[in-house]
Amino acid sequence: MDLKHLNALETILGPKGLIHSADDMVLYETGARYDIGKAAFVARPENTEHVSKLLAYAVQNDIHLIPQSGNTGLVSASTPNPSGTQGILSLDRMNTVIGLDVHNKSVHAGAGIRLSTLNETLEKEGLMFPIDLGADPRLGGMIATNTGGTRCMRYGDVRMNTLGLTVVLADQKGTVLKLTNTLRKNNTGVDWKQMFIGTSGAFGVVTECVLNIVETPKQTATAYLVPNSIEAVPHLMRLMETKLGTMLSAFEGMSKNAITATYDHVTSLNNPFAGSTVPDYVILAEISRDWPLYEGEKPLKNVFEEVLAAVWEDETEPLADALVGRPEEMWALRHAISEGVKSAGKLIAFDVSFKRADSMRFISFMKTELPKSFPDITICDFGHVGDGGLHFNLVLKADDLRSKDPEFEQTLRSFVFDIVVNKYAGSYSAEHAIGPKNQHFYDLYTPAELKRLAHGFKSMSSPAPLGTVKFG
Ligand SMILES: Cc1cc2nc3c(=O)[nH]c(=O)nc-3n(C[C@H](O)[C@H](O)[C@H](O)COP(=O)(O)OP(=O)(O)OC[C@H]3O[C@@H](n4cnc5c(N)ncnc54)[C@H](O)[C@@H]3O)c2cc1C
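Here goes a summary of the coordinates provided. (Residues numbered from 1 in each chain as written. Predicted model: local features only at pLDDT ≥ 70, side-chain atom pairs only at ≥ 80, totals over all residues. Heavy atoms only, no water.)

### Side note on the packing of aromatic side chains
Point 1. Using the criterion set out here, one finds 19 aromatic pairs in the structure.
Point 2. Centre to centre, the rings of Phe354 and Phe362 are 4.7 Å apart; their planes meet at 35 degrees, and the pair counts as tilted. You'll find Phe354 and Phe362 in the same group, each marked buried.
Point 3. Geometrically, the ring pair formed by Phe354 and Tyr424 is edge-to-face, given 5.9 Å between the ring centres and 90 degrees between the ring planes. Residue Phe354 is located in the loop between strand 16 (346-353) and helix 11 (358-373), and its partner Tyr424 is located in the loop between helix 12 (406-423) and helix 13 (439-445); the two are separated by 70 residues in the primary sequence.
Point 4. Residue classification places Phe354 among the buried residues on the basis of a relative accessible area of 6%.
Point 5. Here the aromatic residues Phe350, Phe354, Phe362, Phe365, Phe392, Phe417, Tyr424, Tyr428, Phe441 and Tyr445 are joined through ring pairs into a cluster of three or more.
Point 6. A cation over an aromatic ring shows up here: Arg413 above the ring of Phe350, its NZ or CZ 5.0 Å from the ring centre.
Point 7. Looking at Lys423, its charged tip hangs above the ring of Phe365, at a distance of 4.7 Å from the centre. (Phe/Tyr/Trp six-rings, centres within 6.5 Å; stacked < 30°, edge-to-face > 60°. Buried < 20%, exposed > 50% of the residue type's maximum accessible area, 1.4 Å probe, protein only. Helix = DSSP H or I, 4+ residues; strand = E, 2+ residues; numbered from the N terminus. Lys NZ or Arg CZ within 6 Å of the ring centre and 35° of its normal.)

So, in structure tokens, the structure goes:
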């Protein structure tokens, strides 16, 4: 990057606001799973005004910026390409809680705050931001990807928990859009904030957000359910919902292969299954209440045991075995599973979603169909059964030559997504949004009239290149 630009950026952002030494940039250039890019610089603005001046300068001087928050995204969208010409716009210094309103149940925060840090602040008031996952992202990235997570069935995704945003556009002026609404009811025309949620930063940079917050669960119980077959899972979930209503806060599925890979990788995890034999499929079910245990009320663990017994009594034969256990231990396996499957070999991951019952039908179908066209690939799936999301992970042995062939990966992706989209009317991107990893499938599956609309909004909002995704 031309020294004149680096000097100008440093004048805008101050000495702490710009990194351009190769060693210091590595952290920002390296994504959580796949990505290693090369940046011209890392800009670290401290406030919205900095971001506005930075974007205006970048647009006027043809500098392509990639917004980055926690860099945990899984579609290669938060790191620059290898050219060394793109700059990273990191939100990591915009990491404060700006205002907490316990009466409104909302929090106003900088887009660079980590989810865990936000929750540490909220916990003091018995509150939390209800999106929960096995990584620790920052809010801007969560908004740009519309993160779902493990309790989506109870609380919804980021879109459903965002009240307002401040956004800076990639135009000549670095226009600031103050969409920092704090109201739950506000039907005064177009809800513009939605255009910036789940759209990978292509339309603007989120600098602040106002989020819905909820009571922290005060009582929780978890169980591993071992269904007789995966075909029984939708019926089992429905039965649990009829008995437990909104108390059911998570219903997560884990295949034997995924669990085994995780136990192999994280040896400190406790294997609670009889004889340490991992079952074919396990559901982690969680129930929770957001009030303290009152006198005369049964502890949730007992409620869960009774309900599980009643569920089986209603059936001619039990649908599943159940093991009620300590929530921290049971969740430890679930939260380690992404890294566990990654360690099993060369991982090719598919973040797909279906109508809820179809995810199990899809798994059964693929167990038969995949080996016919692609032998010697292990299916290591796990997923958010409660919301129809499925992490359909395929693992090749590390020494399999196909693992080094990008064309093979693309052929495999086309094969799987064709079945997801055309046979099951599912989604090729459930909760990780769009990025270079799946841009091709956005281009392939998005109807022309929707691409035209997205392209139109891009030209009106942020006409300059921003981020890694091309809409339209
Ligand atoms: C172990 C593990 C488990 C995971 N589990 C889940 C899960 O259960 N559910 C789920 O949904 N995801 C999951 N993810 C994926 C990832 O954590 C989410 O996509 C995450 O919310 C991304 O946030 P981030 O802060 O890391 O964003 P980044 O990775 O930094 O960025 C993601 C995208 O947002 C854009 N962006 C970043 N900041 C801004 C901003 N301020 N304004 C505009 N655009 C911006 C980037 O350019 C990029 O396109 C998991 C990831 C890992 C590694």
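### Some points on the site of the ligand
Point 1. Among the 34 residues in the neighbourhood of the ligand, the closest are listed as Pro67, Ser69, Gly70, Thr72 and Thr147.
Point 2. Contact between the ligand and Thr72: an oxygen atom at 2.6 Å from a side-chain N or O atom of the residue.
Point 3. Relative to its free-state accessible area of 980 Å², the ligand is covered by the protein chains to the extent of 97%.
Point 4. Elements with a minimum of two residues in the shell around the ligand: strand 3 (65-68), helix 5 (139-145), strand 10 (205-212) and helix 10 (327-342).
Point 5. Broken down by element, the shell around the ligand gets its largest block of residues, five residues, from helix 5.
Point 6. The residue inventory of the shell around the ligand, partitioned by class, reads 11 nonpolar, 20 polar and three charged. (Near = heavy atom within 4 Å. Polar contact = N/O pair within 3.5 Å; in protein donor to acceptor, adjacent residues only side chain to side chain. Areas by Shrake-Rupley, 256 points an atom, 1.4 Å probe, with all protein chains shown as cover. Nonpolar A, V, L, I, M, F, W, Y, C, P; charged D, E, K, R; others polar.)

### Concerning the layout of surface pockets
Point 1. Roughly 750 Å³ of volume is contained in the second largest pocket.
Point 2. Looking at the second largest pocket, it is lined by 31 residues, and the ones nearest its centre are Asn146, Arg159, Gly198, Ser429 and Ile434.
Point 3. Tallied by class, the residues present in the lining of the second largest pocket amount to 14 nonpolar, 13 polar and four charged. (1 Å grid on protein atoms, 1.4 Å probe; cavity = no way out; pocket = protein on both sides within 12 Å on 5 of 7 lines; lining within 4 Å. Points joined across faces, edges and corners; volume = space filled by probe spheres on them.)

### With respect to the nonpolar core
Point 1. The biggest cluster of nonpolar side chains holds 108 residues, and the ones touching the most others in it are Met240, Phe251, Phe362 and Phe392.
Point 2. Residues contacting Phe392, with those up to four places away along its chain left out, are Ile348, Ala349, Phe350, Val352, Phe362, Met366, Ile379, Asp381 and Val416.
Point 3. In this structure, Leu269, Val282, Leu284 and Trp331 belong to the second largest nonpolar core, which totals 23 residues. (Core = buried A, V, L, I, M, F, W, Y, C linked by side-chain atoms within 4.5 Å. Contact = heavy atoms within 4.5 Å.)

### Here we look at the sheet that holds strand 9 (residues 176-179)
Think of a sheet as strands paired side by side through backbone hydrogen bonds, with each pair either parallel or antiparallel.
Point 1. One open sheet holds the five strands; their spatial order is 5-6-10-8-9, and the pairing between them is antiparallel. Among the strands making up the open sheet, the edge pair consists of strand 5 (97-101) and strand 9. Direction aside, the axes of adjacent strands within the sheet are offset by 10 degrees on average. (Pairing = 2+ DSSP bridges. Axes fitted to C-alpha atoms, helices over the stretch in contact; angles between N-to-C directions.)

### Examining the sheet that holds strand 1 (residues 18-19)
Point 1. Read across the open sheet, the four strands follow the order 1-2-4-3; overall the sheet is mixed. Edge strands, defined here as strands with exactly one partner in the open sheet, are strand 1 and strand 3.
Point 2. Relative to strand 2 (residues 41-43), strand 1 runs antiparallel, the two being bridged by two bridges. Among the inter-strand pairings, Leu18 is bridged to a residue of strand 2, identified as Ala43.

### Topic: the side chain of Ser461
Point 1. Along the chain, Ser461 turns up in helix 14 (residues 448-461).
Point 2. Here Phe457 takes part through its backbone oxygen, which lies 2.7 Å from a polar atom of the side chain of Ser461.
Point 3. Filtering out sequence-adjacent residues up to four positions away, Ser461 remains in contact with Leu169, Asp171 and Phe203.

### Here we look at the side chain of Ser403
Point 1. Position of Ser403 among the secondary structure elements: in the loop between strand 19 (389-396) and helix 12.
Point 2. Since its relative accessible area comes to 13%, Ser403 is described here as buried.
Point 3. In contact with Ser403, not counting residues within four places along its chain, are Lys346, Leu396, Lys397 and Ala398.

### Re empty space enclosed by the protein
Point 1. Summed over the entire model, instances satisfying the criterion amount to one cavity of 30 Å³ or more.
Point 2. Of the pockets and cavities examined, the largest cavity occupies roughly 30 Å³.
Point 3. What lines the largest cavity is Leu55, Ala58, Val59, Ile63, His64, Leu65, Ala170, Ala464, Pro465 and Leu466.
Point 4. The class makeup of the residues in the lining of the largest cavity is nine nonpolar, one polar and no charged.

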